[in-house]
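Observations on the model geometry
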Amino acid sequence: MRISDVLRDKGDRVVTVTPDLTVQELLATLAEHRIGAAVVSADGATVEGIVSERDIVRRLAEHGAAVLARPVSAIQTTRVHTVGPEADVAEVERLMTEHRFRHVPVVAGGRLAGIVSIGDVVKKRITELEVETSALSGYITGERS
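What you see is a predicted model, and the numbers here were worked out from it, not measured in a lab.

Let us now look at the overall build of the protein chain. The helix and strand tally for the protein chain stands at 5 helices and 5 strands. Listed by position from the N terminus, the elements making up the protein chain come as α-β-α-β-β-α-α-β-β-α. Here the C-alpha atoms of the protein chain give a radius of gyration of 18 Å, more than 25% beyond the 15 Å that 2.2 N^0.38 yields for 145 residues. Based on the C-alpha atoms only, the size of the protein chain along its principal axes is roughly 65 × 35 × 30 Å.

This is the structure:
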């Protein structure tokens, strides 16, 4: 299974924020869209960074409430792991587990093409397993030939 299969089910919409947005505005954006991370991009197409709820919490612990007035660029992760649409889902799961992050931007032709979360990947794998189990069950009971 490929990341393109996950995006086909989930969609390719990505919430992006500009680097100059304040952390307070970022929080409002995450809450509005009910998401845990946003891609940082000045043009909405290139990946300059990623910022998650975890980044915000860590910076709040380090710097206090003053961090809320700082720009997203001050707290973003700039070393972003990205994958292409043809990446194998199992490889992306390993990447996420090894590096301990939950969101991976998908880039195609140098442009942002989607984002997948660990939840998206797990949901797709569960659906795939259910389909396989159902088909196997049908063969075992003789309902399919």
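Right, let's talk about the sheet that holds strand 1 (residues 16-17) for a bit. What the 3 strands build is an open sheet, ordered 1-2-3; its pairing is mixed. The sheet is open, and its two borders are formed by strand 1 and strand 3 (49-52), each paired with just one other strand. Pairing of strand 2 (residues 37-40) with strand 3, which is carried by 4 bridges, proceeds in the antiparallel orientation. Each residue of the ladder has a partner; that of A38, found in strand 3, is V51.

Moving on, we come to the side chain of E93. If you trace the backbone, E93 turns up in helix 4 (residues 89-99). Judged by relative accessible area, E93 falls into the buried class, the value being 18%. If sequence neighbours within four positions are ignored, E93 has contacts with V121 and R125.

With that out of the way, let us pick up the side chain of D5. Along the chain, D5 turns up in helix 1 (residues 3-10). Here the side chain of D5 touches R8 through a polar contact of 2.2 Å, side chain to side chain.

Right, let's get into the pairing of strand 2. Neither face of strand 2 is exposed, since A37 and V39 on one face and A38 and V40 on the opposite face are all buried. Across 2 bridges, the pairing between strand 1 and strand 2 is parallel. Note that in strand 2 the partner of T16 across the bridge is V39. On the question of chirality, the crossover connecting strand 1 to the parallel strand 2 by way of helix 2 (residues 23-33) is right-handed.

All buried positions along helix 4 are accounted for by V89, A90, V92, E93, L95 and M96. Following helix 4 by one or two positions, R100 adopts a phi angle in the positive range, close to 60°.

With that out of the way, let us pick up the environment of V51. Looking at the secondary structure, you find V51 in strand 3. A relative accessible area of 0% places V51 in the buried class. Spatially, the C-alpha atoms of V51 and T16 are 9.7 Å apart, while their sequence positions differ by 35 residues. Setting aside residues no more than four positions away along its own chain, V51 makes contact with V17, L26, G36, A37, A38, V40, V72, I75 and Q76.

What follows is about unusual backbone geometry. Here R34, not a glycine, exhibits a phi torsion of approximately 55°, which is positive. A positive phi angle, close to 60°, is found at R100, a residue other than glycine. Looking at the secondary structure, you find R100 in the loop between helix 4 and strand 4 (103-108). For R100, a relative accessible area of 66% corresponds to the exposed category.

What counts, and where the lines are drawn
- Residues numbered from 1 in each chain as written.
- Predicted model: local features only at pLDDT ≥ 70, side-chain atom pairs only at ≥ 80, totals over all residues.
- Heavy atoms only, no water.
- Helix = DSSP H or I, 4+ residues; strand = E, 2+ residues; numbered from the N terminus.
- Rg over C-alpha atoms; globule rule 2.2 N^0.38 Å.
- Pairing = 2+ DSSP bridges.
- Buried < 20%, exposed > 50% of the residue type's maximum accessible area, 1.4 Å probe, protein only.
- Contact = heavy atoms within 4.5 Å.
- Polar contact = N/O pair within 3.5 Å; in protein donor to acceptor, adjacent residues only side chain to side chain.
- Right-handed = clockwise from strand over helix to strand, strands pointing away.

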